[in-house]
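Remarks on the overall topology
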Amino acid sequence: MLFDFEALPKKDRYKLVVSTIVPRPIAWMVTQDAEGRTNAAPFSFFNVFSNDPVVVGIGVGARGMGGEERSDMKDTMDNIRALGEFTVCMVSEELAEAMNVTGAEYPTGVDEIAMAGLTTAPCAKVRTPRIAESPVALECKLWQAIPIGTHNLVLGEVVAVHVQDECMLDVNRLYVDTPKLNLVGRLHGGGWYARTTDRFDMPRVTPEQVEARRKG
Ligand SMILES: Cc1cc2nc3c(=O)[nH]c(=O)nc-3n(C[C@H](O)[C@H](O)[C@H](O)COP(=O)(O)O)c2cc1C
């Protein structure tokens, strides 16, 4: 089936995109407003795009669900514009339900972290705190916010990373026990998620190895 995105309404494009670009890692973004009130919300239009500097990107939409967006910004975006910084916390399976609670569209000023029964811990290089229970937290300074329709592509430079002590295999060699992080990703539809427990190992190959295999 071919779907012409130039002819489809945005609600339908959204449906097709979130059902096919999977799994998506989840950026659990913590921000603060100018009065220092903390806000948290999950975003699955998220990934890392550069490693020198390390820059992550998050697609923050307008208020409203899916394709039915309004024109006013989410609190996360207002806060990022106000303070120029944010924290991205990764979501483990143990924290999935709490993450979901923070994704409900509460009125401005509601502390979603407290609503979800979570706590905060201070960051080292940004004023915004992180979610203490999260196994990995990225301290980010706003690099650039690029408007894309009703979305904003928020690019953040990662200036520090917290990894829970028990999830480090070897601190000196920077070996993280990635399976132990037990992170989840977003899938299709209303409420589907993926675990990262179904893994396989496939070493990289060189052109010479590929050629040798082709020749048998
Ligand atoms: C798993 C999950 C992923 C989400 N991903 C996005 C996303 O990529 N972009 C977006 O704008 N909203 C996304 N949302 C919705 C926001 O989290 C939701 O609108 C939230 O209330 C925004 O909060 P805020 O107004 O405090 O910023 C997602 C929600 C969930 C539960």
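Below is a short write-up of the structure. These numbers come from a predicted model, not from an experiment.

A separate point is the pattern of salt bridges. Side-chain pairs of opposite charge can arise whenever the charged atoms involved come near each other. Summed over all chains, the structure comprises ten salt bridges. The salt bridge involving Arg63 is made with Asp75; its shortest N-O contact spans 2.6 Å. With Arg63 in the loop between strand S5 (54-60) and helix H2 (75-83) and Asp75 in helix H2, the pair connects residues that are twelve residues apart, well separated along the chain. Accessibility expressed as a relative area gives 9% for Asp75, which makes it buried.

In summary, soluble globular proteins display a tendency toward joint burial of nonpolar side chains. Judged by nonpolar contacts, the single largest core of 22 residues is most densely connected at Met29, Ile58, Phe86 and Val88. Of all the secondary structure elements, the ones that give two or more residues to this core are strand S2 (27-32), strand S3 (38-43), S5, H2, strand S6 (85-89), strand S9 (136-148) and strand S10 (151-163). With four residues, S9 is the single largest residue contributor to this core. Sequence-distant contacts of Ile58, defined by excluding residues within four places in its chain, comprise Ala27, Met29, Phe43, Phe45, Phe46, Phe86, Val88, Asn152, Leu153 and Val154. Core analysis: the second largest hydrophobic core is formed by 15 residues, Cys89, Leu95, Ile113 and Ala137 among them.

In this section: the packing of aromatic side chains. Under the definition given, this model contains zero aromatic pairs. When the ring centre of Tyr193 is taken as reference, the NZ or CZ atom of Arg186 above it lies at 4.9 Å.

Time to look at unusual backbone geometry. In this chain, Val22 is followed by Pro23 through a cis amide linkage whose omega measures -10°. With respect to the helices and strands, the residue Pro23 is situated in the loop between helix H1 (10-20) and strand S1 (24-25). The omega torsion across Asp52 and Pro53 is 0°, close enough to zero to call that bond cis. Of note, the phi angle at Leu174 is positive, near 60°, even though the residue is not glycine.

What follows is about the site of the ligand. As a matter of local geometry, the ligand sits amid 21 residues, with Pro42, Gly61, Lys74, Thr76 and Glu105 nearest to it. Within the contact set of the ligand, an oxygen atom lies 2.5 Å away from a side-chain nitrogen or oxygen of Thr76. Isolated, the ligand exposes 650 Å² of accessible area, and the fraction of that covered by the protein chains is 89%. Elements with a contribution of two residues or more to the shell around the ligand: S3, S5, H2 and helix H3 (96-102). If one sorts the elements of the shell around the ligand by residue count, S3 sits on top with four residues.

What counts, and at which threshold
- Residues numbered from 1 in each chain as written.
- Predicted model: local features only at pLDDT ≥ 70, side-chain atom pairs only at ≥ 80, totals over all residues.
- Heavy atoms only, no water.
- Salt bridge = Lys/Arg side-chain N within 4 Å of Asp/Glu carboxyl O.
- Helix = DSSP H or I, 4+ residues; strand = E, 2+ residues; numbered from the N terminus.
- Buried < 20%, exposed > 50% of the residue type's maximum accessible area, 1.4 Å probe, protein only.
- Core = buried A, V, L, I, M, F, W, Y, C linked by side-chain atoms within 4.5 Å.
- Contact = heavy atoms within 4.5 Å.
- Phe/Tyr/Trp six-rings, centres within 6.5 Å; stacked < 30°, edge-to-face > 60°.
- Lys NZ or Arg CZ within 6 Å of the ring centre and 35° of its normal.
- Near = heavy atom within 4 Å.
- Polar contact = N/O pair within 3.5 Å; in protein donor to acceptor, adjacent residues only side chain to side chain.
- Areas by Shrake-Rupley, 256 points an atom, 1.4 Å probe, with all protein chains shown as cover.

Keep in mind that these numbers describe shape and distance, not what the molecule does.
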